[in-house]
Amino acid sequence: MTAVQKFATDGIAPPERLAFWNALVDRVYSGTYVKSASEDFTGEMWTWQVGDLSMIRPRSTASFVGRDPSYTADERLILHLQCRGSSIHRQSGTETALGAGDFVIASPHEAYAIDLAAHELLVVEFPRAPLAERFPGLDDALRQRMSGATPGARVFHDFLLSLWRQSQQGLSDPDWQDGVSQVFYDLIALAMRGATRPDQAAPDGALRRQVLGVIEAQLADPGLRTLGIAATCNISVRTIQNLFASMGTTPSAYILERRLARAAERLSAAPEASITEVAFELGFNDSAYFARAFRQRFGVSPREWRRK
């Protein structure tokens, strides 16, 4: 395992930051380039290697990321896991929208593009064969959204974050690295089996979009419940429950996940707002409960998240 290396635009003159960032990302993943409409582009990136896993953890302001086809002797895949913010991935005519916690697996051997809001990602490029052995039907799962709301996806996310922390120690035991790689493949296959792709999320995709749209619009309402969502959409409570069951979650768990994801974005984007204000804005009527739920989801307190 290589020790974590950190790169940042701090100390780079604003007109030169994007050129610096492009040179960096192309060195990490050949053929990658970044565009930004903002004159105040900023970014940070951590890179490390664990066995056959090439990993990065980037965060930056809104940007467009593209990658030209990369040709290698062995067939590889690339994972993009959305830690914060949102994105739209495009490859081979497929468009995939990700929210916090969601992930998508694509091929680096075909060109792809990503529209990113202000964000933080975990990205891993790895050989295809070990995952194909563990997940039959892998081809059908490529370029599809994998929900981050399932237990398997959350465990996988936590594993990658813990691996990033351990990597800062620069552990180099080959047996340990091989073991970590095997755990990675096992956990990503587990997360994929539990996650639901958008085209399978509900018999009626329009209904799913309607329900999720109602939730997004009403996250600030602490009284948001399944009964109210059903009434707004003029459908039964059972239909709502079945819809979320097909997504591998429940209405209350999904609402909590979206509130915490939005709160994390708000804490970073609005430093002038107090933590209590952010909690109340996102429908939490108990700031202590918000702090506990936030720590359980992200591994740090809201205050520590804001400092980072």
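This text follows the structure it describes.
Notes on the structure in this doc start here. Predicted, not measured: the structure shown is a model, and the values here were computed from it.

### Describing the sheet that holds strand β3 (residues 43-50)
The 6 strands are arranged β1-β3-β4-β11-β6-β9 in an open sheet whose pairing can be described as antiparallel. Edge positions in the open sheet fall to β1 (5-8) and β9 (103-106), since each of these has one partner strand only. In this sheet, adjacent strand axes meet at a mean angle of 15° when their direction is disregarded. Across 8 bridges, strand β6 (residues 76-84) lies against strand β11 (residues 119-127) in antiparallel orientation. Looking at β11, one finds that R84 is bridged to E120.

### A few points about the pattern of salt bridges
Once their charged atoms are close, side chains differing in charge can pair, the charge on each being opposite to the other. All chains considered together, the criterion is met by 20 salt bridges. In this structure, D40 engages R17 in a salt bridge whose closest nitrogen and oxygen atoms are separated by 3.4 Å. Note that D40 is positioned in the loop between β2 (32-35) and β3 and R17 in helix α1 (residues 14-28), a separation of 23 residues in sequence. Salt-bridge contacts for E120 lead to R59; the nearest nitrogen and oxygen are separated by 3.0 Å. With E120 in strand β11 and R59 in strand β4 (residues 53-60), this residue pair connects regions lying 61 residues apart in the sequence.

### Concerning the sheet that holds β2
If you walk across this open sheet you meet the 5 strands as β2-β5-β10-β7-β8, and the pairing is antiparallel. Looking along the sheet, the strands with just one partner apiece sit at the ends: β2 and β8 (94-98). Taken pair by pair, the neighbouring strands of this sheet meet at an average axis angle of 15°, ignoring direction.

### Focus on the environment of K6
Structurally, K6 is set in strand β1. Given a relative accessible area of 48%, K6 falls into the partly exposed group. Between the C-alpha atoms of K6 and I240, which are 234 residues apart in sequence, the distance is 44 Å. In this view, K6 contacts E44, M45 and W46; residues no more than four positions away in its chain are not counted. Within polar-contact distance, the side chain of K6 engages the side chain of E44 at 3.3 Å.

### Considerations on the nonpolar core
Among the nonpolar cores identified, the biggest contains 37 residues, and I105, F126, L131, L160, F184 and M192 are the most heavily contacted of them. Mapped by element, the contributors of at least two residues to this core are β3, β4, β6, β9, β11, α3 (138-141), α4 (151-167) and α5 (174-194). Broken down by element, the residue count for this core peaks at 8 residues, all from α5. Those residues in contact with F184 that lie beyond four places of it in its chain are L53, V124, F126, F156, F159 and L160. Within the second largest apolar cluster, 33 residues are counted, among which are A230, L260, A279 and F290.

How each quantity is defined
Residues numbered from 1 in each chain as written. Predicted model: local features only at pLDDT ≥ 70, side-chain atom pairs only at ≥ 80, totals over all residues. Heavy atoms only, no water. Pairing = 2+ DSSP bridges. Helix = DSSP H or I, 4+ residues; strand = E, 2+ residues; numbered from the N terminus. Axes fitted to C-alpha atoms, helices over the stretch in contact; angles between N-to-C directions. Salt bridge = Lys/Arg side-chain N within 4 Å of Asp/Glu carboxyl O. Buried < 20%, exposed > 50% of the residue type's maximum accessible area, 1.4 Å probe, protein only. Contact = heavy atoms within 4.5 Å. Polar contact = N/O pair within 3.5 Å; in protein donor to acceptor, adjacent residues only side chain to side chain. Core = buried A, V, L, I, M, F, W, Y, C linked by side-chain atoms within 4.5 Å.

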